[in-house]
Amino acid sequence: MFSTPWHIYIMAAMYIFGGIMHFIKPKAYLRIMPRYLPAHKALVFWSGVAEVVLGLMLCFTFTKELAVYGIIAMLAVFLLVHFYMLSGKKQAAGIPKWLLILRLPLQFGLMYWAYYYL
């Protein structure tokens, strides 16, 4: 019947939800943008678009592989934000340091999870 595993739809929903949150709560994302990156509002907007589009692409056989590569690349770029948040108290945006450290291996776990679908 379906050759696509059900859990890929959980991943897709996670990215779609995360992307939509960029539009609902943009200030939360603007607070954690590294100062050295330009055009913070545009980056928050376009990263939200990318998450939604890549999440939707996961749901279709003919775009799944491209979505997986896109997600892995996106997560690699998002590591900039995770390392930036570790650089100081203000940059951490009130998130405990232990949780910020825990997010780093989680990010690689998410990359592996996407890679699993190739």
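The text that follows walks through the structure, step by step, so that each part is easy to find. (Residues numbered from 1 in each chain as written. Predicted model: local features only at pLDDT ≥ 70, side-chain atom pairs only at ≥ 80, totals over all residues. Heavy atoms only, no water.)

Re the nonpolar core
Under the convention used in this document: Here, nonpolar core means buried Ala, Val, Leu, Ile, Met, Phe, Trp, Tyr and Cys residues that are tied together by side-chain atoms lying within 4.5 Å of each other. Only protein chains enter the accessibility calculation, which uses a 1.4 Å probe. A residue is then buried if its area is under 20% of the maximum for its type, exposed if over 50%, and partly exposed in between. Working definition: helices are DSSP H or I runs of at least four residues, strands are E runs of at least two. Numbering for both runs from the N terminus. Any pair of residues with heavy atoms lying within 4.5 Å of one another is described as a contacting pair.
Ranked by size, the top nonpolar core spans 24 residues in total, and within it M11, Y15, L54, L58, I71 and L75 carry the most contacts. Looking at this core, the elements with two or more residues in it are helix 1 (7-24), helix 3 (40-57), helix 4 (61-85) and helix 5 (97-115). Among the elements that line this core, the one with the most residues is helix 4, at 8 residues. Once you skip the residues sitting within four places of it in the chain, L75 turns out to touch Y15, Q107, L110 and M111.

Looking at the layout of surface pockets
To be explicit about the condition: Of the two site types, the cavity is a set of points on a 1 Å grid over the protein atoms alone where a 1.4 Å probe fits but cannot get out, and the pocket is an open set with protein on both sides within 12 Å along at least five of seven lines, each lined by residues with an atom within 4 Å of a point. Grid points are joined across faces, edges and corners, and a volume is the space filled by probe spheres set on the points. In this count, Pro and Cys sit with the nonpolar residues alongside Ala, Val, Leu, Ile, Met, Phe, Trp and Tyr, while Asp, Glu, Lys and Arg are called charged and the others, Gly among them, polar.
As a volume, the largest pocket reaches approximately 870 Å³. Looking at the largest pocket, it is lined by 33 residues, and the ones nearest its centre are H22, Y29, E51, F78 and H82. For the lining of the largest pocket, the leading source of residues is helix 4, giving 9 residues. When its residues are assigned to classes, the lining of the largest pocket shows 24 nonpolar, 6 polar and 3 charged.

With respect to helix 5
Put simply, the rule reads: A helix is expected to reach a length of 1.5 Å times the quantity of its residues less one. Working definition for bend: take the seven residues up to and ending at a residue and the seven starting at it, fit an axis to each, and measure the angle between the axes.
Over its 19 residues, helix 5 extends 28 Å from the first C-alpha to the last, a length consistent with the 27 Å expected when each residue adds 1.5 Å. When the local axis directions of helix 5 are compared, the greatest deviation, roughly 25°, occurs at L104, which is followed within four positions by the proline P105. Residues L100, L104, Q107, L110, M111 and A114 constitute the buried set of helix 5. Tucked inside the fold, the buried residues of helix 5 contact helix 1 and helix 4.

Structural notes on unusual backbone geometry
In this model, A39 sits at a positive phi of 50°, which is unusual for a non-glycine residue. Structurally, A39 can be placed in the loop between helix 2 (26-30) and helix 3. The backbone phi angle of A93 is positive, close to 55°, even though this residue is not glycine. Examined against the element boundaries, A93 turns out to sit in the loop between helix 4 and helix 5.

Digging into a nonpolar patch on the surface
Basically, it comes down to this: Residues form patches when they are more than 30% accessible in relative terms and have no salt bridge. Like charges link within 9 Å. Nonpolar side chains (Val, Leu, Ile, Met, Phe, Trp, Tyr) link within 5 Å. Per-residue and other accessible areas were derived by the Shrake-Rupley procedure at a 1.4 Å probe size, with only the shown protein chains allowed to occlude residues. Should a side-chain nitrogen of Lys or Arg be within 4 Å of a carboxyl oxygen of Asp or Glu, the pair is scored as a salt bridge.
On the surface, I20, F23, I24, F45 and W46 cluster together into a nonpolar patch covering about 520 Å² of accessible area. Counting only elements with at least two residues in the nonpolar patch, the list comes to helix 1 and helix 3. With respect to the helices, strands and loops of the structure, I20 is situated in helix 1.

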